[in-house]
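Residue-level structure breakdown
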Amino acid sequence: MSRVYNFSAGPSMLPVEVLEKAQKEMVEYGKAGMSVMEMSHRSKDYEEIIQGCESLVRELMHVPDNYKVMFLQGGGSSQFAMIPMNLGNKNKKCDIVITGQWAKKAAQEAERYITVNKIASSADKTFSYIPKLDKNTFSKDADYFYICLNNTIYGTKFNELPDTGDIPLVADISSCIMSEELDVSKFGLLFAGAQKNLGPAGVTLVIVREDLIGNAMDITPTMFNYQIHADNASLYNTPPTYGIYIIKLVLEWIKEQGGIKAVQAVNEKKAKILYDFLDSSDMFKGTVVPEDRSLMNVPFVTDDDDLNAKFIKEAKEAGFVNLKGHRSVGGMRASIYNAMPVEGVEKLVEFMKKFEAENK
Ligand SMILES: *Cc1c(COP(=O)(O)O)cnc(C)c1O
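Residues numbered from 1 in each chain as written. Predicted model: local features only at pLDDT ≥ 70, side-chain atom pairs only at ≥ 80, totals over all residues. Heavy atoms only, no water.

**Re the domain arrangement of the chain**
How big an interface is tends to be expressed through the accessible area that disappears when the partners come together. Partitioning the chain into domains gives domain 1 (17-257) and domain 2 (260-358). Each partner contributes to the interface: domain 1 provides 26 residues, whereas domain 2 provides 24 residues. Summed over both sides, the interface between domain 1 and domain 2 buries roughly 2200 Å², with carbon and sulfur atoms accounting for 53% of that surface. Connecting domain 1 to domain 2 are zero salt bridges. For the pair domain 1 and domain 2, the interface holds 14 residue pairs in polar contact (both at pLDDT 80 or more). Elements supplying a minimum of two residues to the side of domain 1 that touches domain 2: α2 (44-61), β7 (156-157) and α6 (241-257). (Domains from an automatic or database assignment. Contact = heavy atoms within 4.5 Å. Buried area = accessible area lost by both parts, 1.4 Å probe. Salt bridge = Lys/Arg side-chain N within 4 Å of Asp/Glu carboxyl O. Polar contact = N/O pair within 3.5 Å; in protein donor to acceptor, adjacent residues only side chain to side chain. Helix = DSSP H or I, 4+ residues; strand = E, 2+ residues; numbered from the N terminus.)

**What to know about the pairing of strand β9 (residues 189-193)**
Burial within β9 is extensive, with five of its five residues counted as buried. Of the two faces of β9, the one carrying Leu189, Phe191 and Gly193 and the one carrying Leu190 and Ala192 are both buried. Relative to β9, strand β8 (residues 169-172) runs parallel, the two sharing three bridges. Pairing of Asp172 across the sheet is with Phe191, part of β9. Inspection of the sheet shows β9 paired to strand β10 (residues 204-209) by five bridges, in the antiparallel sense. (Buried < 20%, exposed > 50% of the residue type's maximum accessible area, 1.4 Å probe, protein only. Pairing = 2+ DSSP bridges.)

Dropping the structure here:
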């Protein structure tokens, strides 16, 4: 086998065990005599897949019973409109912290429907930190408070949640879902596009507290109404059937690893290996302040653009691919999601050490 170490930010690598299982079941699923791709979404076999997938989300994340779990389409980006349309229905107002491009996009979209109060921003230092928040600046009458928990592009993460009191906290967890334990009960709504840490592109997981849905704005398209999808257990229309099936396999894999707690321990180990090296290197350095560093996305640079380009090229030749930083930041970024083995990070660091010695 000649699989590379894929450090892509998304779509990103999946556990090889999952791909192999899918390969085995591709042509004939169980006793169905057909592929999951060919099944009716209303069939008994498929019902078991989608219900099993939901049960695993609930089990692994300890989702309380008063939350709905939905598998939707339209990417993480559709949530930027769905959230204000469904939750911004009382005072037509939300608070948001601007920690990067995904939060900015969410704010821009919400502004089309409701008043958006930008509480703080880290734009002044290229989003290399999470702004300190002052509770006194929060709106008393916001319908919800929005954050992007892990900032995929800039490599920052909220290590402390804002204390929003009774105001529901909404978080984009696209690039950190199931990477570490998270107390779902602290949130009104969580969402994640699948293609970073859960499965293939085309599915968005939404977890929402029941009392927050059912009051969507009149203009809300049927397909953008959480209530419709909640009432129909994500089967109002044809869901992304194959993608949900792969997510189920990924969740089974997480369970086999020992659950999210066990996966978190591995993620912490991987991140430490990489950050410790960046902190000790004379050539490479991390771009994020240590206290706000992401476990999943690790941006780093040298002080020379040509050297960055040389590194990315030689790393690729050595089997470490997709290390180029986001076009808005430059430099490099290693995304080390759940499926990246410790060995992949160890070997990357070995390669970086060698590159540093050769290019002094
Ligand atoms: C990738 C990403 C998105 C966008 O997801 P799409 O599925 O491409 O719309 C949103 N938020 C975060 C944090 C992301 O990493």
